[in-house]
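Commentary on secondary and tertiary structure
Each chain is listed here by its residues.
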Amino acid sequence: MRFALFIFISLMCFSCDQKRADYKIEPIDWNAKIANRNFDSTYTSAKTYLSIYSQIYGQNEHRLHDLTVTVGIRNTSELDTLYIDRAEFFDTHGKSIMKYIEKTIFILPMETVEIVIDEIQKLGGTGGNILFKWKMNAVNPTPLFEAVMISTSGQQGLSFTTQGIRID
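Let me begin by describing the structure that accompanies this report. (Residues numbered from 1 in each chain as written. Predicted model: local features only at pLDDT ≥ 70, side-chain atom pairs only at ≥ 80, totals over all residues. Heavy atoms only, no water.)

Side note on the environment of Y83
- Mapped onto the fold, Y83 is located in strand β5 (residues 82-90).
- Classification of Y83 by relative accessible area gives buried; the value is 7%.
- Sequence separation between Y83 and F106 is 23 residues, and the spatial gap between their C-alpha atoms is 4.5 Å. (Helix = DSSP H or I, 4+ residues; strand = E, 2+ residues; numbered from the N terminus. Buried < 20%, exposed > 50% of the residue type's maximum accessible area, 1.4 Å probe, protein only.)

The following block contains the structure:
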């Protein structure tokens, strides 16, 4: 019986020694997604406002929790390409922090492009937002712009999402 228990414990210990492959998300190569084309009258232009939170208050207005933000730009069309002309990040005070897109880019049908704002950057503060200007064939569904904010510390964690609203 002891020998069987020894074998069982040994197998359990050594089976946990496998190395796992780390999955790394490469930053978006915006230049590889530049769209060089003209748009006809079948394309409609629109703007979407997405609120994001790099920080949120905890307990009182003097204690802030830093968050990692993942912004998803999702082309919800199965057939047509989405074109993004602008993705500009503003802080709580309305000051432009960063322009992610300098030239019109394309997002293929059902493709998602992500922007990640690291927790340590603290960009945007408690009232940050991103303004998107986009165009798509008018018969297609509206693209989805959403953000996931997350932070973990010890065994505590918090996360929430926001969705963009069309403001054109």
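Considering the pattern of salt bridges
- Scanning the model with the defined rule gives 5 salt bridges in all.
- Here R74 makes a salt bridge to E146, at a shortest N to O gap of 2.7 Å. Residue R74 is located in strand β4 (residues 68-74), and its partner E146 is located in strand β10 (residues 144-153); the two are separated by 72 residues in the primary sequence.
- Using a relative accessible area of 32% as the deciding quantity, one classes R74 as partly exposed.
- Here D85 and K135 are joined by a salt bridge, their closest N and O atoms 2.7 Å apart. In this pair, D85 sits in strand β5 while K135 sits in strand β9 (residues 128-137), placing the two residues 50 residues apart along the sequence. With respect to class, D85 is no different from K135; both count as buried. (Salt bridge = Lys/Arg side-chain N within 4 Å of Asp/Glu carboxyl O.)

Quick look at the nonpolar core
- In this structure, I52, V71, I84, Y100 and F132 are the most contacted members of the largest nonpolar core, which totals 27 residues.
- At the level of elements, β1 (43-52), β4, β5, β7 (105-107), β8 (112-117), β9 and β10 are the ones that each hand at least two residues to this core. (Core = buried A, V, L, I, M, F, W, Y, C linked by side-chain atoms within 4.5 Å.)

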